[in-house]
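# What the coordinates show
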Amino acid sequence: MAAPTSAPAPYPRTGLVSTTRDAAILVATSLLVLFLQLGNSRFWDQDEGYYATVAYEMHKRGDWIVPTFNEQLFGHKPPMMFWGMMMGFQTFGVSEFSARLPSAIFGLGSILLIYFLSRRIFDRTIGLIAGLTMASCLMFTVVARSATADAHLTFFVLLAIYLWSIDAAGQS
């Protein structure tokens, strides 16, 4: 009777140097695409002004718990987005840049998650192409450069899929 063999790795392992280089390429690309002149334009979407106002009112009151819009309770969105904007306001002052910064950070995180997920499912080259493709998609960059909850949602959905892929590979 032959000895049982272990299951093959779900993707070819690559060295730390190549992973670091790929991540550096994606971060540099993201810095150019997502962060460059982030605050140079006014809020152009109705939702951007709406959500930034909620965060501003919370910031003005020093209230990290109760979101309001026009001093009325605003329970339509989870407060994490507003907390990020408030941290931006505290760090950089109240501005379009400060309100959009959390979305850009979550956009960068989404690009890196796409890289690691694609690398896990396919290989390193596909992961890099997927990350660069996502960074160059117009709709994604618009979402990741706006003060809305869309980039946050994208990040956490991708994180859930990535963690599921790790768990599923461990159970096979």
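Whatever comes next refers back to the structure up there.
Small disclaimer: the values here were computed from a predicted structure and weren't measured.

We now examine the overall build of the protein. On a plain count of helices and strands, the protein comes out with seven helices and two strands. Its helices and strands in sequence order give the protein the pattern α-α-β-β-α-α-α-α-α, from N to C terminus. The C-alpha atoms of the protein give 20 Å as radius of gyration, which overshoots the globular expectation for 172 residues (16 Å, by more than 25%). In terms of principal-axis extent, the alpha carbons of the protein reach across some 75 × 30 × 25 Å. When the 172 residues of the protein are sorted by exposure, 38% land in the buried category. A separation of at least 24 residues holds for 71% of the contacts in the protein among residues at least 6 apart in sequence. A total accessible area of about 9900 Å² is found for the protein, and carbon and sulfur atoms account for 67% of it. Separation between the mean location of the 11 positive side-chain charges and that of the 11 negative ones in the protein comes to 9 Å.

Turning next to the pattern of salt bridges. Where charged atoms from two side chains of opposite charge come close, those side chains can pair. One pass over the structure, following the stated rule, counts four salt bridges. Residue D22 is joined to R124 by a salt bridge in which the shortest nitrogen-to-oxygen separation is 2.7 Å. Taken together, the residues span a long stretch of sequence, with D22 in helix α1 (residues 16–35) and R124 in helix α5 (residues 124–136) at a distance of 102 residues. Owing to a relative accessible area of 24%, R124 belongs among the partly exposed residues under this scheme. Residue D63 pairs with R61 through a salt bridge whose shortest N-O separation is 3.2 Å. R61 sits in the partly exposed class, given a relative accessible area of 34%.

What follows deals with the side chain of E57. Topologically, E57 is positioned in helix α2 (residues 46–61). Not counting chain neighbours up to four residues away, the residues in contact with E57 comprise T68, F69, N70 and E71.

Right, let's get into the packing of aromatic side chains. Going through the model one piece at a time under the given rule, you end up with eleven aromatic pairs. Their ring planes at 80° and their centres at 5.2 Å tell us that Y50 and F74 sit as a pair that is edge-to-face. With Y50 in helix α2 and F74 in the loop between β2 (72–73) and α3 (80–92), this pair connects stretches of sequence that are 24 residues apart. Taking the relative accessible area as the measure of exposure, Y50 reaches 26% and is therefore partly exposed. One aromatic cluster is present, formed by Y50, Y51, F69, F74 and F82 through successive ring pairs.

Time to look at the side chain of D22. Here D22 falls in the buried class, since its relative accessible area comes to 0%. Of note is the side chain of D22, whose polar atom sits 2.8 Å from the side chain of Y115. Apart from residues lying up to four places away in sequence, D22 is in contact with Y115, R124 and L128.

With 26 residues, helix α4 (residues 96–121) extends 37 Å between its outermost C-alpha atoms, agreeing within 8% with the 38 Å of an ideal straight helix rising 1.5 Å per residue. Along α4, the sharpest change in direction is near 30° and occurs at P102.

In this structure, L34, F35, I111 and M134 are the most contacted members of the largest nonpolar core, which totals 23 residues. Going through the elements one at a time, α1, α4, α5, α6 (138–144) and α7 (150–171) are the ones with two or more residues in this core. With nine residues, the single largest contributor to this core is α4. With near-sequence residues (within four places) excluded, F35 lies in contact with S30, L101, A104, I105, L108 and R145. Counting residues in each nonpolar core, the second largest holds 13 residues, with Y51, A52, V54 and A55 among its members.

The rules we used
Residues numbered from 1 in each chain as written. Predicted model: local features only at pLDDT ≥ 70, side-chain atom pairs only at ≥ 80, totals over all residues. Heavy atoms only, no water. Helix = DSSP H or I, 4+ residues; strand = E, 2+ residues; numbered from the N terminus. Rg over C-alpha atoms; globule rule 2.2 N^0.38 Å. Buried < 20%, exposed > 50% of the residue type's maximum accessible area, 1.4 Å probe, protein only. Contact = heavy atoms within 4.5 Å. Areas by Shrake-Rupley, 256 points an atom, 1.4 Å probe, with all protein chains shown as cover. Lys, Arg positive; Asp, Glu negative; His and termini not counted. Charge placed at Lys NZ, Arg CZ, Asp CG, Glu CD. Salt bridge = Lys/Arg side-chain N within 4 Å of Asp/Glu carboxyl O. Phe/Tyr/Trp six-rings, centres within 6.5 Å; stacked < 30°, edge-to-face > 60°. Polar contact = N/O pair within 3.5 Å; in protein donor to acceptor, adjacent residues only side chain to side chain. Expected span 1.5 Å × (residues − 1). Bend = angle between axes of the 7 residues up to and from the residue. Core = buried A, V, L, I, M, F, W, Y, C linked by side-chain atoms within 4.5 Å.

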